[in-house]
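# Structural description and commentary
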Amino acid sequence: MQRWRGQDDIPTDWGRCVVTIGVFDGVHRGHAELIDNAVKSGRSRGVPTVLMTFDPHPMEVVFPGSHPAQLTTLTRRAELVEELGIDVFLVMPFTADFMKLTPERYIHELLVERLHVVEVVVGENFTFGKKAAGNVELLRKAGERFGFAVDSLSLVAEHHRDETVTFSSTYIRSCVDAGDVVAAAEALGRPHRVEGVVVRGDGRGRGLGFPTANVAPPMYSAIPADGVYAAWFTVLGHGPVMGTVVPGERYQAAVSVGTNPTFSGRTRTVEAFVLDTAADLYGQHVAVDFVARIRGQEKFDSVDDLIATMGTDTERARTILRNSV
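Presented here is a report on the structure given in the accompanying data block. The structure displayed is predicted, hence computed values, not measured ones. (Residues numbered from 1 in each chain as written. Predicted model: local features only at pLDDT ≥ 70, side-chain atom pairs only at ≥ 80, totals over all residues. Heavy atoms only, no water.)

Another point: a nonpolar patch on the surface. On the surface, a nonpolar cluster with roughly 260 Å² of combined accessible area is contributed by Met59, Val62 and Phe63. Tracing the sequence through the fold places Met59 in helix 2 (residues 58-62). (Patch = residues over 30% accessible without salt bridge, like charges linked within 9 Å, V, L, I, M, F, W, Y side chains within 5 Å. Areas by Shrake-Rupley, 256 points an atom, 1.4 Å probe, with all protein chains shown as cover. Salt bridge = Lys/Arg side-chain N within 4 Å of Asp/Glu carboxyl O. Helix = DSSP H or I, 4+ residues; strand = E, 2+ residues; numbered from the N terminus.)

Next up, the structure:
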C-alpha cells in the first residue's frame, strides 16, 4: 500500500481512482463496510482505491482544544485499512487554509484535478468544505458535471442491549470512556487498543510482587475508565526476543488504569502486569488490547488487601483471556 501525505505527494501522472473520504478513527465496522464497498468498486473498474483521511482531527482546527479522544493512531489506521484492501492511504493535513476550501474548490482541485476520481464512496451523513457546506447531494451534482459517480452508504446499526446502536467513532469513545470495552469491541470488530512506550514508573508493583509495564500513550489517546482489565499485551515491531517476550506475539495481562488511590497517587497511568513473562520492556513500543473490565478502581485499607485483590484480578484475567481465544 502506498502512503501519501498531502497533495504534493500525489504523482503528477496519477491515473484514475475510486476514493473514500473520512476521518476513519477506529476503523470500526461501519468504516469497514464503507471501505469494502470502495475496494470492490475499484477492483471492478480496474483502478486503485484511495482512502483519504485527515491529520490532525478536523475538530481540533475548527474548535481548538476540542480534539476528541483518539481511537487509533495514524500508523494503526493505515495498517487496518491496508488489511481491508486499500491501495493508497492519503493523509491530508487539516490546516486553517484547508478548512477554508469551499466545497466547489474541494471537489475541483482535489478530487477532479489531483485524484482524477471515477467514483466517491462516502457515508450518507458526509459533509465537507468550508463550514461543512458540502454534502452528498452537492457531491452528486458535481459528479454529473465532472463525470464521476457517488455512492453514499447508510450508517451501520445493530440491535444491542435492548436498543438499536449506530456504530460511530463517537459511540465507541463513549463506551471506552465508560469502561465498557466489550461494547467497544463489538462496534470495532476487535478489542480497543491503546499503544504507547513503556516508561519507568515508581517501581511499586515489583515490590508488591506484580511488576508492571507503565505504558505512556500518545496525547489524545482514548483510555478506558479507571479500573482493572483483562487485556492482551504485544510488543510491536520485529526485533529480537527480550527475555521471555517475543515481539509480535501477544501475552495475557492484567491492566490497571487509574491513579493508585491506595498510595494517594495523582497521575493517571496505564500499568500492565504481563503474565508468565520476565523481560526488560523499558523503551519498547507496545500495544494493550482491552478485552473485559474486571472491576472499578478501589482504594484499599491496607497493602495486604491490595495484594490479595491483585492476585484475584490476575486469575480472573487468565480465565477471561483463556475463554476469549
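This part takes up the nonpolar core. Core analysis: the biggest nonpolar cluster contains 31 residues, and Ile21, Leu111, Leu115 and Leu139 have the highest contact counts within it. Those elements that place two or more of their residues in this core are strand 2 (17-21), strand 3 (49-55), strand 4 (88-93), helix 5 (103-112), strand 5 (117-123) and helix 6 (136-146). Not counting residues up to four positions away in its chain, the partners in contact with Leu111 are Val19, Ile21, Tyr106, His116, Val117, Val120 and Leu139. (Core = buried A, V, L, I, M, F, W, Y, C linked by side-chain atoms within 4.5 Å. Buried < 20%, exposed > 50% of the residue type's maximum accessible area, 1.4 Å probe, protein only. Contact = heavy atoms within 4.5 Å.)

Summed over the entire model, instances satisfying the criterion amount to eight aromatic pairs. Geometrically, the ring pair formed by Tyr106 and Phe128 is tilted, given 5.1 Å between the ring centres and 50° between the ring planes. Of this pair, Tyr106 sits in helix 5 while Phe128 sits in the loop between strand 5 and helix 6, and the two are 22 residues apart along the sequence. Judged by relative accessible area, Phe128 falls into the buried class, the value being 4%. Between the aromatic rings of Phe126 and Phe128, the centroid separation amounts to 5.4 Å while the plane-to-plane angle is 15°, which identifies the pairing as stacked. (Phe/Tyr/Trp six-rings, centres within 6.5 Å; stacked < 30°, edge-to-face > 60°.)

Strands pair in a sheet through their backbones, by hydrogen bonds, and they do so in one of two ways: parallel or antiparallel. With respect to topology, six strands assemble into an open sheet ordered 1-4-3-2-5-6, the strand pairing being parallel. Two strands close off the open sheet at either side, each with one partner strand: strand 1 (2-5) and strand 6 (149-153). Here the strands of the sheet are splayed against their neighbours by 20° on average, with no regard to which way each runs. Of the strands in this sheet, strand 2, strand 3, strand 5 and strand 6 touch helix 1 (residues 29-45), which is tilted by about 165° from strand 5. (Pairing = 2+ DSSP bridges. Axes fitted to C-alpha atoms, helices over the stretch in contact; angles between N-to-C directions.)

With that settled, the discussion passes to the side chain of Ser169. With respect to the helices, strands and loops of the structure, Ser169 is situated in helix 7 (residues 169-178). Polar side-chain contacts of Ser169 include one of 2.7 Å to the backbone oxygen of Asp25. In this view, Ser169 contacts Asp25, His28, His31 and Leu71; residues no more than four positions away in its chain are not counted. (Polar contact = N/O pair within 3.5 Å; in protein donor to acceptor, adjacent residues only side chain to side chain.)

Interhelical geometry of helix 7 versus helix 8 (residues 181-188) gives an angle of 155° and a closest axis separation of 7 Å. Accordingly, the angle class assigned to the pair helix 7 and helix 8 is roughly antiparallel. In this structure, helix 7 meets helix 8 at a crossing whose hand is left-handed. Taking contact as the criterion, the partners of Tyr171, Ile172, Cys175 and Val176 in helix 7 are, on helix 8, Ala183, Ala184, Ala187 and Leu188. A per-class count over the contact of helix 7 with helix 8 returns eight nonpolar, no polar and no charged. (Parallel < 35°, antiparallel > 145°, perpendicular 65-115°, else oblique. Left-handed = near helix turned anticlockwise from the far one by under 90°. Nonpolar A, V, L, I, M, F, W, Y, C, P; charged D, E, K, R; others polar.)

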